[in-house]
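Given next are the chains, with one letter for each unit.
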Amino acid sequence: AVSRLAATSTTAEAWAAQRELFEGAPALAVALEERAAAAAERLQVLAAVGREPPAEAQAEYFEALAAARRVALASDAHEAAFHEAGDRLQVALRLQRDEVQSEIDAVVASVEVMRGHSDAMLDSADHLAATAEALDTRLSQLTETALAANQREAVFGWPRTHFDALERAAADFAPLHALWRLASAVVNAHARTLDGPLADVDVAALDDNLGKWTAELARIARQLRQRQGASAKAAAAAGPQSVVEATRDVVEAVRGFMPLLRTLRAPGLKQRHWQRISELVGHPLDPTTNQALSLENVMLLKLDEEAMSALRQVADVAMREFTIERALDKMQGFWRQTDLDLAPHRASGSRVLRAMDEVVAALDEHTARCLAMAASPHAKPVEEPLRTLLQSLRLAADTLDAWYACQRSWLYVQPLFAAPDIERAMPAEARRFAAVDRLFRGTVEAAHLRPNLLRFCAGSGRSLETFQETGRHLDAILKGLSDFLEAKRLAFPRFFFLSDDELLEL
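Residues numbered from 1 in each chain as written. Predicted model: local features only at pLDDT ≥ 70, side-chain atom pairs only at ≥ 80, totals over all residues. Heavy atoms only, no water.

Draft legend 1. Looking closely at the pattern of salt bridges. Scanning the entire structure with this criterion turns up 21 salt bridges. Note that Glu216 is salt-bridged to Arg219, the shortest N-O span being 2.5 Å. Of this pair, Glu216 and Arg219 are both found in helix α6 (residues 203-230), three residues apart, which corresponds to roughly one turn of the helix. Given the relative accessible area of 28%, Arg219 is considered partly exposed. The salt bridge partner of Lys270 is Glu325, with a shortest N-O separation of 3.7 Å. With Lys270 in the loop between α7 (238-264) and α8 (271-281) and Glu325 in helix α10 (residues 305-336), the pair connects residues that are 55 residues apart, well separated along the chain. A relative accessible area of 13% places Glu325 in the buried class. Ionic contacts of the salt-bridge type, sharing partners, join the residues Lys270, Arg272, Glu321 and Glu325 into one network. (Salt bridge = Lys/Arg side-chain N within 4 Å of Asp/Glu carboxyl O. Helix = DSSP H or I, 4+ residues; strand = E, 2+ residues; numbered from the N terminus. Buried < 20%, exposed > 50% of the residue type's maximum accessible area, 1.4 Å probe, protein only.)

As structure tokens, then:
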């Protein structure tokens, strides 16, 4: 506390904190004296009973007494310096307040200059947008400085200075700042759209911006009218309103480009389409080879309605072809990521294909979709990959059907021939099953190593042949098993009352 009382305050905030110390110094000194008196009383009690007072109690007494004196002396010694620092800070505050007011006058003048600009300055929108950005920064900094000055006024108990001109300037400038920022964006977008490379025009983004620009202009115009009513210089609002109208005209000009842009930037336009367009208009138009081709180059051709209709037809064909290509790419991507769902089969030590109902449904759906796409006259550019995918889907569906049928028979027969009694009773069928079992297990293991469904089931077509062949052998084995059981029933008629499973268990 003593060191803080002796410090020289260089800011109003530090001076206010130091003032609290000086105001609390008498109370602090009294509290320290009372602490020293309490310590002295304890020492007297100990002396009265003949006990040696501990060193800590004596130290507490002397420290409290010395601290009380230091606080009182520091308060008396530095109070004058404290008040001198306050006087200096108040002088500085008056100067700061005058500087803020001068800066406000300069900013107000700059806002009035911005308010005076009309549509004639639209070509300088970039420069004025940068000027407005700099002025906005000045206003923000000045507002913070004015707020700090008001806070320091409160420290010294001064009445608050109302910088009304600053608040009005900020309110008047807000729509002007937004206006020139928007005008710059719109003018630049118009130039890029008209003169920039046609291949770089993003029609979707431009269409989205048109809606945003229109709404923003309506909001700015409304704010300008409101400020016009609040301003004593209402005549000066004609300039900004003319900028609003001129910017709106530029927006409408860009909107007017959209029909031609939607045609020339239709999704799916490829070199073959641009060759056809060039033939129709009698002029080379191909942004894929001529990077400098712009919308203005096309507009200078002054295409009649017949040529535009032909262009729209080519764009429509390109878009339909693109839709088919995109759908094909999506299906191909789906099957590139779809794997067989193989699970371990503990009883046999092999693997089995689990039910894949969703995948089977997707096979049927994509097959139907491929058939519909193949029937379209716009599928010619992707005719070969479409045919390949359709064949693969059909082959995969047939392979899965054969696999599930073969797997059902294998799961039924495998545990039977694992029993020695059945193997001895049916040696021919046992040898045949051993061969079939090796083939089935080897095929399933190959699927485990190459789990992609379409690649395995339709890669070479051999998987289908393998499962079909395995299925035929398993059917023959099941026929031999049925004949064996029938012979047992003929030998023992009472076996006719037992099912095949019950008879095999016996």
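Draft legend 2. Focus on helix α11 (residues 357-374). For α11, which comprises 18 residues, the first-to-last C-alpha distance of 26 Å matches the rise-based estimate of 26 Å (1.5 Å per residue) to within 8%. For α11, the secondary structure elements touched by its buried residues are α10, α12 (383-417) and α15 (453-458). (Expected span 1.5 Å × (residues − 1). Contact = heavy atoms within 4.5 Å.)

Draft legend 3. Region of the structure containing the pairing of strand β1 (residues 342-345). Bridge count for β1 against strand β2 (residues 350-353) is four bridges, and the pairing is antiparallel. Following the sheet pairing, His345 is matched in β2 by Ser350. Hairpin connection from β1 to β2: four residues lie between these consecutive antiparallel strands, with Gly349 at a positive phi of about 80°. (Pairing = 2+ DSSP bridges.)

Draft legend 4. The arrangement of the packing of α11 against α12 in detail. Axis separation between α11 and α12 bottoms out at 10 Å; the angle between their running directions is 150°. Comparing the axis directions of α11 and α12 gives the class roughly antiparallel. Handedness of the α11/α12 crossing: left-handed. When α11 is examined against α12, the residues Val360, Leu363, His366, Thr367, Cys370, Leu371, Met373 and Ala374 are found in contact with a partner set consisting of Leu386, Leu389, Leu390, Leu393, Arg394, Ala396, Ala397 and Leu400. Class assignment of the residues belonging to the contact of α11 with α12 gives a composition of 13 nonpolar, two polar and one charged. (Axes fitted to C-alpha atoms, helices over the stretch in contact; angles between N-to-C directions. Parallel < 35°, antiparallel > 145°, perpendicular 65-115°, else oblique. Left-handed = near helix turned anticlockwise from the far one by under 90°. Nonpolar A, V, L, I, M, F, W, Y, C, P; charged D, E, K, R; others polar.)

Draft legend 5. Region of the structure containing unusual backbone geometry. With a phi angle near 50°, Lys302 is a residue other than glycine that sits in the positive phi range. In this structure, Lys302 sits in the loop between α9 (295-299) and α10.

Draft legend 6. Structural context of the nonpolar core. Ranked by internal contacts, the top residues of the largest apolar core, which has 61 residues, are Phe173, Trp180, Trp213, Leu261 and Leu295. Contributions of two or more residues to this core are made by α3 (55-116), α4 (125-155), α5 (164-195), α6, α7, α8, α9 and α10. Ranked by the residues each element gives to this core, the list is headed by α5, at twelve residues. Excluding residues within four positions of it along the chain, Trp213 makes contact with Leu182, Ala185, Val186, Ala189, Leu206 and Val251. Membership of the second largest hydrophobic core comes to 47 residues, among which are Leu340, Leu363, Met373 and Ala396. (Core = buried A, V, L, I, M, F, W, Y, C linked by side-chain atoms within 4.5 Å.)

Draft legend 7. Quick peek at the confidence of the model for the chain. Taken as a whole, the chain shows an average pLDDT of 83; of its residues, 81% reach a score of 70 or greater. Averaged pLDDT values for the elements of the chain fall to 51 in helix α17 (residues 500-505) and rise to 94 in α11. (pLDDT = per-residue confidence, 0-100.)

Draft legend 8. Broad picture of the packing of α4 against α5. For the pair α4 and α5, interaxial distance at closest approach is 8 Å and the crossing angle is 150°. Between α4 and α5, the angle is such that the two are roughly antiparallel. The way α4 lies across α5 gives a crossing that is left-handed. Along the contact surface, α4 presents Ala125, Asp126, Leu128, Ala129, Ala132, Glu133, Leu135, Asp136, Leu139, Leu142, Thr143 and Ala146, while α5 presents Leu166, Ala170, Phe173, His177, Trp180, Arg181, Ala183, Ser184, Val187 and Asn188. Its residues placed into classes, the contact of α4 with α5 shows 14 nonpolar, four polar and four charged.

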